[in-house]
Amino acid sequence: MRRIPYLWTLLLLALAILLSIAIGSVFISPADLWRILTGWLSATSLSESLQTFAFIITSIRLPRTVLVLLTGAALGGSGAAYQGLFRNPLADPYLIGVASGAGLGAAVAMSIQWPYTFWGLLAVPLAGFLAAMLAILLVYFLARLGKTVPTTNLILAGVAFSAFATSLTSFLMLRSTGELRRAFAFLLGGFTQTGWNPVLTILPFLAIGLGFLVLSGHALNLLQFGDDQAQQLGLPVTRAKTLILVAASLATAAAVSFSGVIGFIGLIVPHVMRLWFGADYRRLLPLSIIGGAGALLLADVLARVVMAPQELPVGIVTALAGAPFFLWVLRRAKNQGYW
Amino acid sequence: MFRKLSFALLTITLFMAACGPSATATPAPATTQPPATEAPAATLPPTAAPIVLTDGLGRTVTLVSPAQRVVSLAASNTEILYAVGAGAQVVGRDEASSYPEAASALPTVGGWSGFSNEAIVALKPDLVLAGDINPPELVASLEQLGLTVYLLPNPTTLEEMYANLETVGTLTGRQAEAAALVESLKARVAAVDAKIATVTERPSVFYEFDATDPAKPYTYGPGTFGDLLIQRAGGTNIGAQLQGQWVQISLEQLVVANPELILLGDSAYGETPEKVATRTGWEALSAVKDGRVYPFNDDLVSRPGPRLVDGLEMLAKLLHPELFK
């Protein structure tokens, strides 16, 4: 019985991966997909038109699918961790400044004309990542009171910092003479960099961050009793909270750096998982990671095909398609007092 | 448990932060590209030497032979391609490419909100002609897919625009047509210059290209073709005194400047001289009182292509009708 949630979410994820590879702005018929697959398996050479399709699948859709999958996993997992950490149903991975920090860093980097080199092209994601981590550090130390870090302080410091950084970003965007669309694309979330490089660059951060979060389910369960109780139950509360915060922020910052600020996934996926499968964080964290990956993949498929060959920023789709879905789940849920 | 984990996490994080990107770094995108993976058989015999040009990003772009399948990522690029006689070699365009008529029949590969790499790859282009309007990330990702990308920089003068025409001519094997086009454009500009040289009055012009907020319409400031062409057509551009290229002017400033002519670059969005007359506060302007408010095709001054010369001629006629009787 306890394996069933994983079965369902993994099935959903597999379906989303399949759709993400099969569907795009260029139509590849299922028959052609099958021919390409069998061609690979039997190592026979493909006809010329199939070669183009095969190239599109291996060089464009596959790396993108993996990047979207990792990003969604990071947002889902960090969202669950943040909600548990802050014991707040409104918490999402951007609550204490990752998104606004990354947005500011990216906007600053975009206001500079970088040379067209490897590092020049990496300037925007790198600045986004570093600014996001700096933002977290700043908020953390601003919220610190002696040796403790009260949750309310963290939230308030985070919200104040976010408002400040967001205003600065808007100002920079208004002042910029160049392409505003580039900055908008980052702030709405979108996958502008392609190929395997972004995947390889964020993978280590996600592996560490999410790997740690998966192991911290028990600590998060204890934290639900409140800091004092958790301390009495033997949890080093401040250390645990700090570590979970760092791990979740690390994963989020890495995800945001290449794909921009994608909203809603980190807020809603943990709630859906909680409504469906219960609030035990030992299960909720891995489920949110899998669910986040699947949900973002589905949103990305929509973003690619709704106005093909134009691509919508995926952040628009996540909320546009995600909000009605969440409300449907919420209405149907039997355990209304689930939080 | 947390003590150990925290140490491990910290160490690994620092390690990753220190060498993460470079550890996973692959070599910088090579400037010399292998030929596109799906290069179509050239229909023309290859020229003796490959075409080697430096583009707007400082990249060296090599074409073994003139491009026969071009995807254009900017409206101005599409206009240039058709103008130098390479229209038949264009196989794809961006959403905004609406001129000439024939271009609208081509498949689109994206537009304002983003481009589809797979739609571009599926057209099997041997050249993707990008513009400054396209972000460097797009160029890099297309390059990684083995496509040959040339980014045509935005010109700031007519001379630079001519150079772009010649570049596109070279890339598409239409040098002769491009050279002839440049000659005829230069002759037309010279004809306008000759007429304007005789003028004594330089009417003040307000050119608006967005009046969503009629109290603060947008106009062309210094450094834009809108400004350059108005001056060259024998006018004084009100926007020239503002700071920035695409700038807002307040109605107060506009009333003080009191332009003799108003040109509606936003006529494509439904602005008409009649509507301007009904805007609050605008009735005080001389141009409105004298009925010298004219719709204008904004593409003729905003798209850095050969039609800038059309724009210059039309501006000269509107500003100095007495010279063109």
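No experiment lies behind these values; they were computed from the predicted model shown.

(A) Representation of the overall build of chain B. Of the regular secondary structure elements, chain B holds 12 helices and 14 strands. Per-residue burial for chain B yields a buried fraction of 50% across its 325 residues. Across chain B, the fraction of contacts at a sequence separation of at least 24, relative to all contacts at a separation of at least 6, is 61%. In the structure as shown, chain B presents an accessible area of about 14200 Å², 59% of it carried by carbon and sulfur atoms.

(B) Looking closely at the pattern of salt bridges. Enumeration according to the criterion identifies 18 salt bridges over all chains in this entry. Where R64(A) meets E311(A), a salt bridge forms, and the shortest distance between an N and an O atom there is 3.1 Å. With R64(A) in helix α3 (residues 48–86) and E311(A) in the loop between α13 (281–305) and α14 (314–332), the pair connects residues that are 247 residues apart, well separated along the chain. With relative accessibility at 13%, the residue R64(A) sits in the buried group. Since its relative accessible area comes to 15%, E311(A) is described here as buried. The partner of E79(B) in a salt bridge is R303(B), with the nearest N and O atoms 2.8 Å apart. Of this pair, E79(B) sits in helix α2 (residues 75–83) while R303(B) sits in the loop between α11 (299–302) and α12 (308–319), and the two are 224 residues apart along the sequence. Both residues of the pair, E79(B) and R303(B), belong to the buried class. Overlapping salt bridges, with partners in common, bring together R64(A), D300(A), R304(A) and E311(A) in one network.

(C) The arrangement of the packing of aromatic side chains in detail. Within this structure, the stated rule accounts for 12 aromatic pairs over all chains. Consider the rings of F129(A) and F205(A), whose centres lie 4.9 Å apart with planes at 50°: the pair is tilted. Of the two residues, F129(A) sits in helix α5 (residues 118–143) while F205(A) sits in helix α8 (residues 197–215), which places them 76 residues apart along the sequence. Accessibility expressed as a relative area gives 10% for F129(A), which makes it buried. Their ring planes at 40° and their centres at 6.0 Å tell us that F209(B) and Y218(B) sit as a pair that is tilted. Every member of this aromatic cluster is reached through a ring pair, and the members are Y207(B), F209(B), Y218(B), Y220(B) and F296(B). Its end group placed over the ring of W282(B), R279(B) keeps NZ or CZ at 4.4 Å from the ring centre. The lysine or arginine in question, R307(B), covers the ring of Y99(B), its NZ or CZ lying 3.4 Å from the ring centre.

(D) Broad picture of unusual backbone geometry. The amide bond that connects Y99(B) to the next residue, P100(B), takes the cis arrangement and shows omega of -5°. Here P100(B) is to be found in the loop between β4 (90–92) and β5 (110–111). For R87(A), which is not a glycine, the phi torsion comes out positive at approximately 45°. Of note, R87(A) is situated in the loop between α3 and α4 (98–110). Residue R87(A) is classed as partly exposed on the basis of its relative accessible area of 40%. The phi torsion at N258(B) lies on the positive side, around 45°, for a residue other than glycine. Relative to the assigned elements, N258(B) resides in the loop between α8 (251–257) and β13 (261–264).

(E) Spotlight on the nonpolar core. Core analysis: the biggest nonpolar cluster contains 92 residues, and Y82(A), F86(A), I96(A) and I244(A) have the highest contact counts within it. If you tally residues by element for this core, the top one is helix α11 (residues 237–259) of chain A, at 14 residues. Residues within four places of I96(A) in sequence aside, it is in contact with Y82(A), F86(A), I136(A), V139(A), L154(A), I155(A), G158(A) and L245(A). Grouped together as the second largest cluster of nonpolar side chains are 49 residues, Y150(B), F225(B), V309(B) and A316(B) included.

(F) Looking closely at a nonpolar patch on the surface. Residues and elements named next belong to chain A. There is a patch of nonpolar side chains on the surface, built from L180, F184, L188, I316 and L320 and spanning about 430 Å² of accessible area. Elements that contribute at least two residues to the nonpolar patch include exactly α7 (180–188) and α14. If you tally residues by element for the nonpolar patch, the top one is α7, at 3 residues. Tracing the backbone through its elements, the reader meets L320 in helix α14. We classify L320 as exposed; its relative accessible area is 64%.

(G) Summary view of the sheet that holds strand β3 (residues 70–72) of chain B. Residue and element names in this part refer to chain B. The strand order across the open sheet built from 4 strands is β4-β3-β7-β8, with neighbouring strands paired in parallel fashion. Of all the strands in the sheet, the pair left with one neighbour each is β4 and β8 (149–152). Each adjacent strand pair in this sheet contributes to an overall mean axis angle of 35°, direction not counted. As paired elements, β3 and strand β7 (residues 127–131) share 3 bridges and run parallel to each other. Across the sheet, V71 pairs through a bridge with V128, a residue of β7. Most of the contacts of helix α4 (residues 136–144) go to β8, to which it runs at about 160°, and overall it touches β7 and β8.

(H) Highlighting the packing of helix α7 (residues 225–232) of chain B against α12(B). Residue and element names in this part refer to chain B. Where α7 meets α12, the axes come as close as 9 Å, and the angle between the chain directions of the two elements is 50°. The orientation of α7 with respect to α12, classified from their angle, is oblique. Both α7 and α12 take part in a crossing whose hand is right-handed. Where α7 approaches α12, its residues F225, L229, I230 and R232 are matched on the opposing element by L308, L312, L315 and L319. In terms of residue class, the contact of α7 with α12 is built from 7 nonpolar, no polar and 1 charged.

(I) Looking closely at helix α2 (residues 30–41) of chain A. Residue and element names in this part refer to chain A. Compared with an ideal rise of 1.5 Å per residue, which puts 12 residues at 16 Å, α2 spans 16 Å between its outermost C-alpha atoms and is within 8% of the ideal. Buried residues of α2: D32, I36 and G39, and no others. The buried residues of α2 occupy an angular sector of 65° when the element is viewed end-on, so they sit on one face. For α2, the exposed residues lying more than 90 degrees away from the buried face are P30, W34 and L41. Contact partners of the buried residues in α2: α3. Positive phi appears at A43, one or two residues downstream of α2, with a value of about 60°.

(J) Spatial organisation of the pairing of strand β9 (residues 204–210) of chain B. All names here are of chain B. Most of β9 is tucked away: 6 of the 7 residues are buried. Bridge count for β9 against strand β11 (residues 236–237) is 2 bridges, and the pairing is parallel. Looking at β11, one finds that S204 is bridged to T236. Where β9 meets β13, 4 bridges bridge the pair, whose relative direction is parallel. Paired with E208 across the strands is L264, a residue of β13.

About the cut-offs
- Residues numbered from 1 in each chain as written.
- Chains lettered and ligands numbered in written order.
- Predicted model: local features only at pLDDT ≥ 70, side-chain atom pairs only at ≥ 80, totals over all residues.
- Heavy atoms only, no water.
- Helix = DSSP H or I, 4+ residues; strand = E, 2+ residues; numbered from the N terminus.
- Buried < 20%, exposed > 50% of the residue type's maximum accessible area, 1.4 Å probe, protein only.
- Contact = heavy atoms within 4.5 Å.
- Areas by Shrake-Rupley, 256 points an atom, 1.4 Å probe, with all protein chains shown as cover.
- Salt bridge = Lys/Arg side-chain N within 4 Å of Asp/Glu carboxyl O.
- Phe/Tyr/Trp six-rings, centres within 6.5 Å; stacked < 30°, edge-to-face > 60°.
- Lys NZ or Arg CZ within 6 Å of the ring centre and 35° of its normal.
- Core = buried A, V, L, I, M, F, W, Y, C linked by side-chain atoms within 4.5 Å.
- Patch = residues over 30% accessible without salt bridge, like charges linked within 9 Å, V, L, I, M, F, W, Y side chains within 5 Å.
- Pairing = 2+ DSSP bridges.
- Axes fitted to C-alpha atoms, helices over the stretch in contact; angles between N-to-C directions.
- Parallel < 35°, antiparallel > 145°, perpendicular 65-115°, else oblique.
- Left-handed = near helix turned anticlockwise from the far one by under 90°.
- Nonpolar A, V, L, I, M, F, W, Y, C, P; charged D, E, K, R; others polar.
- Expected span 1.5 Å × (residues − 1).
- Arc of directions from axis to C-beta.

It is worth stressing that arrangement in space is one thing and function is another; only the former is reported here.
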